[in-house]
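Inside the fold
Listed below are the residues making up each chain.
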Amino acid sequence: MPVGIFRVCLVVITAIVNHPLLFPKENGTVPENSEEIIQKMKEREESLRLEKLRLEQEIAEQEAAQKALEKAAEVVEESKEEKVRWDMWTALSMVIFLLIELWRQDFQEGNWQDTGGEEDDMAVLGKVFKGVAFPDKAVLASFYEKRILATTGDMARMREMVEGFADDLLEALRSVCNRDADMEVEDCMGVGSMYENWRVRKPFVCDLIVPFAPPEPYCFRSQIWCSGDSFPPNEQGYGTIKVCRADEDVTGCICDKTKLGEDMLCLLHSQANTTRHSSEMEDLLCFKNTQHLDADQVMKWFQIAVTKAWNRISHKYEFDLSFSLLDSPGALKIKFKSGKSVAFNLTPVVQYENSDVYFISHFPRSGLAADLPSSTRWFLSFAVYERRFIQLVSKLLPANACHVSCLQILSFLHGKQCSLTGSSGLTNYHLKTVMLHLLQARPSQDWAPEKLEARLQDMLKFLEKCLHEKKLYHFFIGNWKVPAELGFPIIFQTAEPLNLFRPFVLRRDVYRKTVDTFHEMLRNMSALINEYTVHIPLAHTNGICKESL
């Protein structure tokens with residue numbers, strides 16, 4: 001209690017002492033300056049209020065910007081997630097479609113060679129066959145004897161004459177060439193329809209290939225489209241040829257792999273020898289500033305060498321020799337004084353490794369084949385193996401088998417139709433490929449001579465199926481059923497099948513023309529055959545195809 005009273009008294013005393021009236025002289029200016037102080041305080045308060053508003057506005061703007069950034073980040077994140085989801089679905093869809101396409105191709109490739117034995121599968125094809133009069137056995141036999149055999153009897157004698165002259169011409173060519181600098185020419189080989197005995201259309205032309213090799217110490221090293229190197233789709237079936245020294249590493253000069261001494265110099269890559277090396281490559285028929293063999297340069301060299309060779313031996317013969325086609329290096333024509341002529345092709349080729357596959361400098365192509373972008377691309381020819389396969393299979397077939405007869409009749413009909421309506425995308429090589437597939441697919445007894453009519457129908461059905469699908473696979477490339485007796489290189493058997501009808505996918509106009517020509521040939525087939533057929537009793541004519549299509 002006393003402590004509380006003491007505290008109250010202390011407060012009262014303090015208030016009295018601090019009262020302004022107690023000291024009037026010292027505090028006389030307080031009332032006079034109070035309004036000024038209040039005014040300053042108000043101004044200070046106003047400035048603080050404005051500063052507060054400014055700060056609040058800045059904070060609000062920063063918060064708005066921060067929210068905008070956060071919102072943009074959220075949008076970006078959402079778009080990324082959505083894109084990731086979309087990419088995943090796109091990739092998944094592409095994988096599914098790819099698997100379906102691979103399965104479809106594998107299924108077709110597994111059955112492409114068995115088509116000839118599945119009549120029911122081919123029965124759904126060929127609506128155009130319905131109502132078409134198909135010649136019967138008697139008419140076909142008469143047509144074959146009168147038109148085919150009567151015009152092909154002199155082929156053996158023509159082959160013998162052409163081969164003898166070609167050997168003499170090549171021997172003269174070797175004598176006029178510089179053995180130390182020019183290409184070395186080997187003996188020629190006969191390939192194609194004249195040597196497979198199914199040529200029917202005149203003029204008869206012998207196809208001879210002439211392998212050649214570079215002079216020592218050079219050699220050829222080749223690269224093909226299926227060896228792992230990158231070749232565009234339009235160059236499938238082609239390769240390149242590189243001219244190298246025999247002691248040179250495959251990937252480059254040996255000076256890159258060998259440590260040379262201080263007193264040794266690489267003559268190939270020395271600065272002073274660069275011009276000389278380039279000149280040597282051009283002398284070796286390479287493309288400018290490269291080591292790749294140039295087909296155009298080979299064409300020019302071969303034409304000049306053949307001309308020199310003929311000038312040396314022309315006095316021995318009583319006929320003239322000339323180049324019949326400007327765009328083909330070895331298209332030659334023998335002209336006799338009587339006015340008759342004999343045409344043959346002498347084409348330079350390069351052997352692929354130790355096989356009988358050859359790089360051919362110029363290959364007759366149809367209008368649907370696009371020109372190659374470079375003359376360093378060489379086409380691969382399997383003509384030697386094709387001839388051997390036909391010879392091998394013929395030994396297993398019945399006597400007088402009808403496989404060659406079918407091909408001859410089909411080639412004649414197609415050629416006759418093209419002479420009436422114009423050329424199409426089909427070639428005789430396509431027709432031969434169809435025969436090769438059916439030879440492998442069908443048992444040997446199905447090729448007996450009395451089954452000519454049925455096998456000819458099979459070839460037409462198979463060809464129509466291939467045209468419908470725009471797929472006709474090369475017989476050897478990707479075909480693992482090639483007989484081992486042929487010694488065919490395994491690299492081509494394991495390669496992806498090569499579609500000979502791929503250009504039809506790119507050229508719809510040519511495809512449409514080809515299909516129309518094929519259908520027109522079927523409709524005109526009976527008339528074309530009857531035109532060259534001797535009189536047959538009416539009961540045997542106009543036989544309708546008994547096998548259901």
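As a starting point, this report considers the structure included with it. All figures in this text were calculated on a predicted structure; none of them were measured in a lab.

Attention shifts here to the overall build of the protein. Regarding its fold elements, the protein presents 15 helices and ten strands. Residues classed as buried in the protein amount to 42% of the 549 residues present. If you take every contact in the protein between residues at least 6 apart in sequence, the share linking residues at least 24 apart comes to 72%. Counting every atom, the protein has about 32200 Å² of accessible surface; 56% of that belongs to carbon and sulfur.

The subject of this paragraph is the pattern of salt bridges. This model, assessed by the stated rule, comprises 18 salt bridges. Among the salt bridges present, the one from Arg 54 reaches Glu 51, with a minimum N-O distance of 2.3 Å. Of the two residues, Arg 54 and Glu 51 are both situated in helix α2 (residues 30-111); the distance of three residues between them amounts to about one turn of the helix. A relative accessible area of 35% means that Glu 51 is categorised as partly exposed. Note that Glu 171 is salt-bridged to Arg 174, the shortest N-O span being 3.0 Å. Within this pair, Glu 171 and its partner Arg 174 are both found in helix α5 (residues 155-176), separated by three residues, close to a single helical turn. Taking the relative accessible area as the measure of exposure, Arg 174 reaches 17% and is therefore buried. When salt bridges with common partners are traced through the structure, they connect Arg 442, Asp 446, Lys 451, Arg 455 and Asp 458 into a single cluster.

Turning our attention to a nonpolar patch on the surface. The grouping of Trp 89, Leu 92, Ile 96 and Ile 100 at the surface amounts to a nonpolar patch, some 430 Å² of accessible area in total. The residue Trp 89 is located in helix α2 in this model.

The biggest cluster of nonpolar side chains holds 114 residues, and the ones touching the most others in it are Leu 169, Leu 293, Phe 344, Leu 346, Trp 378, Phe 476 and Phe 492. Dropping the residues within four chain positions of it, Phe 344 is found in contact with Val 162, Phe 165, Val 205, Cys 206, Leu 208, Leu 321, Gly 330, Ala 331, Leu 332 and Ile 334. With seven residues, the next largest nonpolar core counts Val 191, Val 349, Tyr 358 and Val 384 among its residues.

The next subject is unusual backbone geometry. Along the chain, Lys 202 connects to Pro 203 via a cis peptide bond; the corresponding omega equals 0°. Along the chain, Pro 203 falls in the loop between α6 (193-196) and β3 (205-213). Cis geometry is found at the peptide bond from Glu 216 to Pro 217, where omega equals 5°. Take Pro 217: it is sitting in the loop between β3 and β4 (218-224). A positive phi is found at Glu 353, a non-glycine position, where the angle reads about 50°. Phi at Asn 400 is positive, roughly 55°, even though this residue is not glycine. Since its relative accessible area comes to 69%, Asn 400 is described here as exposed.

Applying the stated criterion across every chain, the model contains 28 aromatic pairs. On the numbers, 6.0 Å between centres and 85° between planes, the contact of Phe 212 with Phe 220 is edge-to-face. With relative accessibility at 3%, the residue Phe 212 sits in the buried group. Taking 5.0 Å as the distance between ring centres and 80° as the angle between the ring planes, the aromatic pair formed by Phe 475 and Phe 476 counts as edge-to-face. Phe 476 sits in the buried class, given a relative accessible area of 0%. Aromatic ring contacts, followed pair by pair, group Trp 225, Tyr 352, Phe 359, Phe 382, Tyr 385, Phe 389, Phe 475, Phe 476, Phe 488 and Phe 492 into a single cluster. The ring of Tyr 385 is capped by Arg 388, whose NZ or CZ atom sits 5.7 Å from the centre of that ring.

Position of Gln 408 relative to the elements: it lies in helix α10 (residues 403-421). Looking at Gln 408, the relative accessible area reads 2%, which means it is buried. Separated by 23 residues in the primary sequence, Gln 408 and Leu 431 place their C-alpha atoms 9.5 Å from one another. What Gln 408 contacts, discounting residues up to four positions off in sequence, is Tyr 144, Ile 148, Asn 197, Trp 198, Arg 199 and Val 200. Among the polar contacts made by the side chain of Gln 408, one reaches the side chain of Tyr 144 at a distance of 2.8 Å.

Time to look at the packing of α5 against helix α8 (residues 295-313). Here α5 crosses α8 at 105°, and the two axes come no closer than 8 Å. For the element pair α5 / α8, the angle class is roughly perpendicular. When α5 is examined against α8, the residues Phe 165, Asp 168, Leu 169, Ala 172, Leu 173, Ser 175 and Val 176 are found in contact with a partner set consisting of Phe 302, Ala 305, Val 306, Lys 308, Ala 309, Trp 310, Arg 312 and Ile 313. Among the residues making up the contact of α5 with α8, the classes are represented as eleven nonpolar, one polar and three charged.

In this section: a negative patch on the surface. Taken together, the side chains of Glu 70, Glu 74, Glu 77 and Glu 78 define an acidic patch exposed on the protein surface. With respect to the helices and strands, Glu 77 occurs in helix α2.

We now examine the side chain of Arg 159. With respect to the helices and strands, the residue Arg 159 is situated in helix α5. Although buried, Arg 159 forms no salt bridge, and the nearest oppositely charged side chain, Glu 163, lies 5.6 Å from it. For Arg 159, the residues in contact, after removing those within four places along its chain, are Met 194, Tyr 195, Asn 197 and Cys 206.

A few words now on α8. The terminal C-alpha atoms of α8 lie 27 Å apart, and with 19 residues this matches the ideal 27 Å at 1.5 Å per residue to within 8%. Where α8 begins, the capping side chain belongs to Asp 294, and its oxygen is found 3.0 Å from the backbone nitrogen of Asp 296.

It is worth spelling out the pairing of β3 at this point. Counting buried positions over the nine residues of β3 gives seven, a clear majority of the element. Where strand β1 (residues 184-185) meets β3, two bridges bridge the pair, whose relative direction is antiparallel. Opposite Glu 184, over in β3, you have Ala 213 as the bridge partner. Across three bridges, strand β2 (residues 189-191) lies against β3 in antiparallel orientation. Bridge pairing links Gly 190 to Leu 208 in β3.

Reading the values: rules and limits
Residues numbered from 1 in each chain as written. Predicted model: local features only at pLDDT ≥ 70, side-chain atom pairs only at ≥ 80, totals over all residues. Heavy atoms only, no water. Helix = DSSP H or I, 4+ residues; strand = E, 2+ residues; numbered from the N terminus. Buried < 20%, exposed > 50% of the residue type's maximum accessible area, 1.4 Å probe, protein only. Contact = heavy atoms within 4.5 Å. Areas by Shrake-Rupley, 256 points an atom, 1.4 Å probe, with all protein chains shown as cover. Salt bridge = Lys/Arg side-chain N within 4 Å of Asp/Glu carboxyl O. Patch = residues over 30% accessible without salt bridge, like charges linked within 9 Å, V, L, I, M, F, W, Y side chains within 5 Å. Core = buried A, V, L, I, M, F, W, Y, C linked by side-chain atoms within 4.5 Å. Phe/Tyr/Trp six-rings, centres within 6.5 Å; stacked < 30°, edge-to-face > 60°. Lys NZ or Arg CZ within 6 Å of the ring centre and 35° of its normal. Polar contact = N/O pair within 3.5 Å; in protein donor to acceptor, adjacent residues only side chain to side chain. Axes fitted to C-alpha atoms, helices over the stretch in contact; angles between N-to-C directions. Parallel < 35°, antiparallel > 145°, perpendicular 65-115°, else oblique. Nonpolar A, V, L, I, M, F, W, Y, C, P; charged D, E, K, R; others polar. Lys, Arg positive; Asp, Glu negative; His and termini not counted. Charge placed at Lys NZ, Arg CZ, Asp CG, Glu CD. Expected span 1.5 Å × (residues − 1). Pairing = 2+ DSSP bridges.

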